[in-house]
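Examining the three-dimensional arrangement
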Amino acid sequence: MSSNVHVVRAGDGRRLTVPDADITVLVGGGRAGGAYEVFLVEAPRGAPGRLHAEPWSKSYHVLRGRILVQAGDTGYELEPGETIVIEARTMNTFTVLSEAAGFLLVVAGTANSGFFAELDAVGHGHAPEEAAPLLRDVADRYGVALATGSGAS
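Let me sum up the structure you'll find in this document. (Residues numbered from 1 in each chain as written. Predicted model: local features only at pLDDT ≥ 70, side-chain atom pairs only at ≥ 80, totals over all residues. Heavy atoms only, no water.)

1. Structural notes on the packing of aromatic side chains
- The full count for this structure, using the stated rule, is seven aromatic pairs.
- Three or more aromatic residues joined by ring pairs make a cluster, and in this case those are Phe39, Trp56, Phe115, Phe116 and Tyr142. (Phe/Tyr/Trp six-rings, centres within 6.5 Å; stacked < 30°, edge-to-face > 60°.)

The following block contains the structure:
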């Protein structure tokens, strides 16, 4: 029997809400030797999130629905079974094109679960007009650069 095994059963995982999606932490923090984290992202159709660049690489693997990922100056439409890899410090965002979408987000390192947890806390503890500057503070603490315009179109 190994003590280095982590099983996440259906319906398990910490659930967080960020401005554009609901996130379930499947593999976070110190799991996987700190090499990566895995999240289930579930998002409704809506306006694109703000363009941003994280200090970590990431990939999206679409499970259901369709999304448009803007990475750098290019938009990429993805449907179930397709994956995109985005290198660290690349300006990016996503837009859900279908009624809703679900995708796996795999992120290098261990910072992203803390980032999502802080975004969740801001959203639950503050009125929308108070939240914007607090969200920028969270982004700054994690080294996430926010673009001045909106996202993919």
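Having seen the structure, we can now continue with the description.
2. Considerations on the sheet that holds strand 8 (residues 83-86)
- Taken in spatial order, the six strands line up as 1-2-3-10-5-8 in an open sheet, and their pairing is antiparallel. Looking along the sheet, the strands with just one partner apiece sit at the ends: strand 1 (14-18) and strand 8. Strand-to-strand twist in this sheet, taken as the mean axis angle between neighbours without regard to direction, amounts to 25°.
- Against the sheet, helix 1 (residues 112-125) engages strand 1, strand 2 (21-27), strand 3 (36-44) and strand 10 (100-108), with an angle of about 60° to strand 1. (Pairing = 2+ DSSP bridges. Helix = DSSP H or I, 4+ residues; strand = E, 2+ residues; numbered from the N terminus. Axes fitted to C-alpha atoms, helices over the stretch in contact; angles between N-to-C directions. Contact = heavy atoms within 4.5 Å.)

3. So, helix 2 (residues 128-141)
- Relative to the 20 Å expected for 14 residues at 1.5 Å per residue, helix 2 spans 20 Å between its end C-alpha atoms, a close match to the ideal helical length.
- Within helix 2, the full set of buried residues consists of Ala131, Val138 and Ala139.
- Check the buried side of helix 2 and you find it contacts helix 1 and strand 11 (145-146).
- Looking one or two residues past helix 2, Gly143 carries a phi angle of roughly 75°, positive in sign. (Expected span 1.5 Å × (residues − 1). Buried < 20%, exposed > 50% of the residue type's maximum accessible area, 1.4 Å probe, protein only.)

4. Thoughts on the nonpolar core
- With 32 residues, the main nonpolar core has Ile23, Tyr60, Ile67, Val69, Phe94 and Phe116 as its most contacted residues.
- A per-element tally of this core places helix 1 first, with five residues.
- Apart from residues lying up to four places away in sequence, Ile23 is in contact with Arg14, Arg15, Leu16, Val18, Phe39, Leu40, Val41 and Phe116. (Core = buried A, V, L, I, M, F, W, Y, C linked by side-chain atoms within 4.5 Å.)

5. Things to note about the pairing of strand 7 (residues 74-78)
- Two strands pair when backbone bridges link them, and strand 6 (residues 67-71) and strand 7 are joined in this way by five bridges, in the antiparallel orientation. Bridging from a neighbouring strand, Ala71 pairs with Thr74 of strand 7.
- Linking strand 6 to strand 7, which pair antiparallel, is a turn of two residues; within it Gly72 sits at a positive phi near 65°.

6. Topic: the pattern of salt bridges
- In this structure the tally under the stated criterion is five salt bridges.
- Two residues, Glu54 and Lys58, come together in a salt bridge whose shortest N-O distance is 2.7 Å. Of the two residues, Glu54 and Lys58, neither departs from the other in class, the shared state being buried. (Salt bridge = Lys/Arg side-chain N within 4 Å of Asp/Glu carboxyl O.)

7. Here we look at the pairing of strand 1
- Here five bridges tie strand 1 to strand 2, and the two strands are oriented antiparallel to one another. Counted as the bridge partner of Leu16 is Ile23 from strand 2.
- Counting the residues that bridge the hairpin from strand 1 to strand 2 gives two residues.

8. Points about the layout of surface pockets
- The volume enclosed by the largest pocket comes to roughly 560 Å³.
- What lines the largest pocket is a set of 28 residues, and nearest its centre among them are Pro19, Asp20, His52, Phe115 and Leu119.
- Those elements that place two or more of their residues in the lining of the largest pocket are strand 2, strand 5 (58-64), strand 9 (92-96), strand 10, helix 1 and helix 2.
- Counted by class, the lining of the largest pocket contains 19 nonpolar, four polar and five charged residues.
- Roughly 150 Å³ of internal volume is contained in the second largest pocket.
- The wall of the second largest pocket is formed by Thr17, Val18, Pro19, Leu119, Asp120, Val122, Gly123, His124, Pro128, Ala131 and Leu135. (1 Å grid on protein atoms, 1.4 Å probe; cavity = no way out; pocket = protein on both sides within 12 Å on 5 of 7 lines; lining within 4 Å. Points joined across faces, edges and corners; volume = space filled by probe spheres on them. Nonpolar A, V, L, I, M, F, W, Y, C, P; charged D, E, K, R; others polar.)

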